[in-house]
Amino acid sequence: MNQTEMKKIAAEVRKNIIRMTCAAQSGHPGGSLSAVEILVSLYFNEMKINEENVNDVCRDKFVLSKGHASPVLYSILKEKGFISQDDLMTFRKIDSEIQGHPNMSIKGVDMSTGSLGQGLSCAVGMALSYKIHHQDFRVYALVGDGESEEGQIWEAAMAAAHYKLDNLVAILDFNGLQIDGKITDVMNPTPFDTKFKAFGWNVIEVDGHDYDQLEAAYAAARECKGKPTLILANTVKGKGVSFMENKANWHGVAPKPEEAEAAIKELEDQING
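A few points on the structure. Predicted model only: the values in this text are computed from it and were never measured. Throughout this description, residue numbers start from 1 for each chain and increase along the sequence as written. With pLDDT at 70 or above as the cut-off, local features in this predicted model cover only qualifying residues; side-chain atom pairs require 80 or more to be listed or tallied, and sums for whole chains, interfaces and linings still use all residues. Each side-chain value is derived from all of the structure's non-hydrogen atoms; neither hydrogens nor water enter the calculation.

### Comments concerning the packing of aromatic side chains
What counts as a ring pair is set by centres within 6.5 Å for rings of Phe, Tyr and Trp (its six-membered ring), and what kind of pair is set by the plane angle: stacked under 30 degrees, edge-to-face over 60, tilted for all other angles. Throughout the structure, instances matching the rule amount to nine aromatic pairs. Seen in terms of ring centroids, Tyr-74 and Phe-91 are 6.1 Å apart; in terms of plane orientation they differ by 65°. Their pairing is edge-to-face. Of this pair, Tyr-74 sits in helix H4 (residues 70-79) while Phe-91 sits in the loop between helix H5 (85-88) and helix H6 (118-132), placing them 17 residues apart in sequence. Exposed residues in this analysis have more than 50% of their type's maximum accessible area, buried residues have under 20%, and partly exposed residues fall in between, with area computed by a 1.4 Å probe over protein chains only. Tyr-74 sits in the buried class, given a relative accessible area of 0%. Residue class for Phe-91 comes out buried when judged on its relative accessible area of 1%. For the ring pair Tyr-130 and Phe-137, a centre distance of 5.3 Å and an interplane angle of 50° mean the geometry is tilted. Owing to a relative accessible area of 4%, Tyr-130 belongs among the buried residues under this scheme. Given a relative accessible area of 25%, Phe-137 falls into the partly exposed group. By the ring-pair criterion, three or more aromatic residues cluster together here, those being Trp-154, Phe-196, Phe-199 and Trp-201. Note on conventions: DSSP H or I runs of at least 4 residues are helices, E runs of at least 2 residues are strands, and numbering of each starts at the N terminus.

Shown next as structure tokens:
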């Protein structure tokens, strides 16, 4: 898929993130918007996942460790044709499977997540299983920068390096903000690059909104043998919606209808030029 096509998909994903959270008047738009290009590139040009194999136990897998960013995953799954637009609009409704955190009852969701820090451990287990059974599949996990204040992230990082899981790629969404403000003010987990290298990981730093850099990083991760890879993706919280960008208060606050209308118009203008 070329970049023009991916940019159009990214705009649709962002619009649906806004629509979903507005309709629910609940959810986490900021960190969902920051991860859009990461997941568009991953699902459309990197991972081997399609309608034919989506229900297979053995295929490339994705774990959204920062599970509160479920709107971006659901919107991606809609673009892949696994769930419908009508499904998206039931987000966080009491009788809906499209819950606030990903649930494996939904087609294409590979792990139920939400308790921060645990998703990377699940991804480690998946990658280790593939290694044990000599299966040539890869596992990807999206980790939050604020989430990385959890000790379990570092236990998982240690285990992944110990077992030489070169079929595991963690992508760290480094937007610098969490619900209480700057990550460096809350509980500083940086520097990520030197810490993960010290734990035995291959580390690649990219602009998390640049498709060329993301795809080069995914390719380099495939070539790295004997250690897991961390893609340190520098991103912008609320990316694509000017009044949300780099604002910590949009971490877990849904847009009002008039704000959603303005955001969607801005996103459409970006595509239409």
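Moving on, there is more to tell.
### Some points on the nonpolar core
Counting residues in hydrophobic clusters, the biggest one holds 55 residues, and the most contacted among them are Leu-39, Val-40, Tyr-43, Phe-62 and Ile-171. Tallying contributions element by element places helix H1 (residues 3-24) first for this core, with eight residues. Residue contacts are defined here by distance: any two heavy atoms, one from each residue, within 4.5 Å place the two residues in contact. If we skip the residues at most four places from it in the chain, Tyr-43 touches Ile-49, Phe-62, Leu-73, Ile-76, Leu-77, Lys-80 and Gly-108. For our purposes a nonpolar core is just a set of buried Ala, Val, Leu, Ile, Met, Phe, Trp, Tyr and Cys residues, chained together by side-chain atoms within 4.5 Å.

### Section: the packing of H1 against helix H10 (residues 211-223)
Here an angle of 0 to 180 degrees is reported between the N-to-C directions of two axes, which are lines fitted to C-alpha atoms, with helices fitted over the stretch in contact. At their nearest, the axes of H1 and H10 sit 11 Å apart, and the two run at 105° to each other. Comparing the axis directions of H1 and H10 gives the class roughly perpendicular. Residues Gln-3, Met-6, Lys-7 and Ala-10 of H1 pack against Tyr-211, Asp-212 and Glu-215 of H10. Taken together, the residues of the contact of H1 with H10 break down into three nonpolar, one polar and three charged. Put simply, angles under 35 degrees are roughly parallel, angles over 145 are roughly antiparallel, angles from 65 to 115 are roughly perpendicular, and the rest are oblique. When residues are sorted by character, Ala, Val, Leu, Ile, Met, Phe, Trp, Tyr, Cys and Pro go into the nonpolar class, Asp, Glu, Lys and Arg into the charged class, and all the rest, Gly among them, into the polar class.

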